[in-house]
Amino acid sequence: MSDLTTLLEVGGPVAALGGGAAYARAKHPAAYWSTVGLPVSTVRLLSTYGSVMEACGLTVAPSRLRVLAARAMTRREVRPVPPRRGLLRPTTTGLRIRLRLAPGQEPADFAASTERLRHAWGVHAVYVTPVKPGVIELRLVGYDVLRRVRMPRKIADGFLQVPVALREDATPFVRDYRTIPHQLTLGATLSGKSMYLRHLIAGLAPQPVALVGIDCKRGVELAPFAPRLSALATDPEQAAELLPVLVKEMEDRYDLIKARQGIAPGTPDEEITSDIWGLPEHKRPVPVVLFVDEVAELFLVATKKDEERRDEMVTQLIRLAQLGRAAGIYLEVCGQRFGAELGKGATMLRAQLTGRVCHRVNDEASAKMALGDIAPEAVMAACSIAPERPGLAVAGDTSGGWSRIRTPYLSLTDAAETCHAWAGLVPDLPALEPFRPAVPVRPAEHAAPVVLPHPVTD
Ligand SMILES: Nc1ncnc2c1ncn2[C@@H]1O[C@H](COP(=O)(O)OP(=O)(O)O)[C@@H](O)[C@H]1O
Ligand SMILES: [Mg+2]
């Protein structure tokens, strides 16, 4: 009987703890990591470091000096030496540790063993990043950070930079218009493209930037952001009027830069500029970001007359993509497919869009259109995105690397609210004034009478 009570007394709380831990792990992985996962993984890593490195073939033979010293002191057999490690640095999502490579090792050796390391230390994933020659950083991620995306609280964001999504190694993915001026975002319908655009617009709204939208789905995606938009075209006819105005604006800006260059023959080198960023602040025109949702709608034609208009629009888009950067005009193009079948000029326009993000696609050909020139593995990764995870995408970067990213959820109401709050920042661009979308007047929240009613008889 007393055995049974003891069992109940000890077993009950243990079972409750175990159950609680399992529940926390499934429902609140971040809290679980900070309280249970982190200490467990730290102990595991520290206690098994040498043997795991040896089992993964990441050790090197000891130096002769070490062998002699060990023989003289202990007479024991000398084991191969693992790379020297730095301090463990815990984070809210994982652990970081720096390793000094032994002679003859390279970061790729560690990258090839990440799967083995992750199983040995019981973490969700391990990533390797070179820090400087001879030093790498192992980033251990404790749980699947892309399941419920939470952006890190402290992100260094600057002008024309928007932290738009989270990478699978828990670092933020920042869309930086100054380094990657134009971007193409592809994905099947319901894959999360418009959510991506929504984040960009909400992120740029508080910055002194002109936002221009072309949304040929009658404006259903971009119209809610009307208060902050400088111009909005909701069908191909309007787009055909808007694009030449943007090209004209670009040409004017080039004239401005040229005028600056020709100021005086003796102008010092650093004051001669070839883009708007070199202009003095009071003369510098505001940057313009052009969002195009469902680009294929611009290309599709029904009649011969439409075809002319299409060709003109494509040419104008190509010109904006080719010359826009120096004039501070950036393109953000979204579509389901972007191949040669869209017609003349489509592949040429695609080649101008440096940044690539590919959401879930229905066929390999679509993924190749976005990522084919970056890496074959990136195409494979894009093809294996599950429909249950909208917003998950593969982002290629110019260095040939790629990573999985996912946007956090942002409701249309919240994004529209942000645009409404920053409506005062819409810059003054007279050329775009005719395209300024009409902003629906909001009903006052509490319709309070202006004058207090006085009873007739007092
Ligand atoms: N990162 C995300 N997290 C959660 N839900 C998302 C995410 N991205 C998109 N969704 C949801 O997926 C659906 C499709 O997204 P949407 O951006 O409209 O796709 P698309 O424009 O590619 O058709 C929407 O209901 C949206 O709320
Ligand atoms: Mg969409």
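Conventions adopted
- Residues numbered from 1 in each chain as written.
- Chains lettered and ligands numbered in written order.
- Predicted model: local features only at pLDDT ≥ 70, side-chain atom pairs only at ≥ 80, totals over all residues.
- Heavy atoms only, no water.
- Pairing = 2+ DSSP bridges.
- Helix = DSSP H or I, 4+ residues; strand = E, 2+ residues; numbered from the N terminus.
- Buried < 20%, exposed > 50% of the residue type's maximum accessible area, 1.4 Å probe, protein only.
- Arc of directions from axis to C-beta.
- Contact = heavy atoms within 4.5 Å.
- Axes fitted to C-alpha atoms, helices over the stretch in contact; angles between N-to-C directions.
- Core = buried A, V, L, I, M, F, W, Y, C linked by side-chain atoms within 4.5 Å.
- Domains from an automatic or database assignment.

Some details on the pairing of strand β6 (residues 172–176)
In summary, the side chains of a regular strand alternate between the two faces of the sheet.
In step 1: Alignment of strand β5 (residues 161–167) against β6, held across 5 bridges, turns out to be antiparallel. Bridging from a neighbouring strand, alanine 165 pairs with phenylalanine 173 of β6.

Section: helix α5 (residues 114–121)
In step 1: What α5 keeps buried is the set Thr114, Leu117 and Trp121. The arc enclosing the buried residues of α5, seen along the axis, measures out at 60 degrees, which places them on a common side.
In step 2: The elements touched by buried residues of α5 are α2 (29–55), α4 (107–112), β3 (125–132) and β4 (135–141).
In step 3: After α5 finishes, the residue glycine 122 shows a positive phi value of roughly 60 degrees.

With respect to unusual backbone geometry
In step 1: The residue alanine 170 is not glycine, and still its phi comes out positive at about 70 degrees.
In step 2: Looking at where alanine 170 falls in the secondary structure, it is placed in the loop between β5 and β6.
In step 3: The buried category is assigned to alanine 170, whose relative accessible area is 15%.
In step 4: Even without being glycine, arginine 218 reaches a positive phi, approximately 60 degrees.

Concerning the sheet that holds strand β9 (residues 229–233)
What holds strands together in a sheet is hydrogen bonding between their backbones, with the strands either parallel or antiparallel.
In step 1: As summarised here, the arrangement of the 10 strands in space is β6-β5-β14-β13-β12-β7-β11-β10-β8-β9, forming an open sheet in which the pairing is mixed. Two strands close off the open sheet at either side, each with one partner strand: β6 and β9. Within the sheet, the average angular offset between the axes of one strand and its neighbour, ignoring direction, is 25 degrees.
In step 2: Where helix α7 (residues 236–261) meets the sheet, it contacts β8 (210–215), β9, β10 (288–293) and β11 (329–335), and its direction lies at approximately 150 degrees from that of β8.

Details of the nonpolar core
In step 1: One finds Leu138, Ile214, Leu290 and Phe338 to be the most contacted residues of the largest nonpolar core, which totals 82 residues.
In step 2: Structurally, this core is a two-domain feature, drawing no fewer than three residues from each of domain 1 (22–141) and domain 2 (161–435).
In step 3: Those residues in contact with phenylalanine 338 that lie beyond four places of it in its chain are Leu184, Leu186, Val295, Phe299, Val333, Ala346, Leu349, Arg350, Leu353 and Met369.
In step 4: Membership of the second largest hydrophobic core comes to 34 residues, among which are Leu211, Ile257, Leu279 and Leu410.

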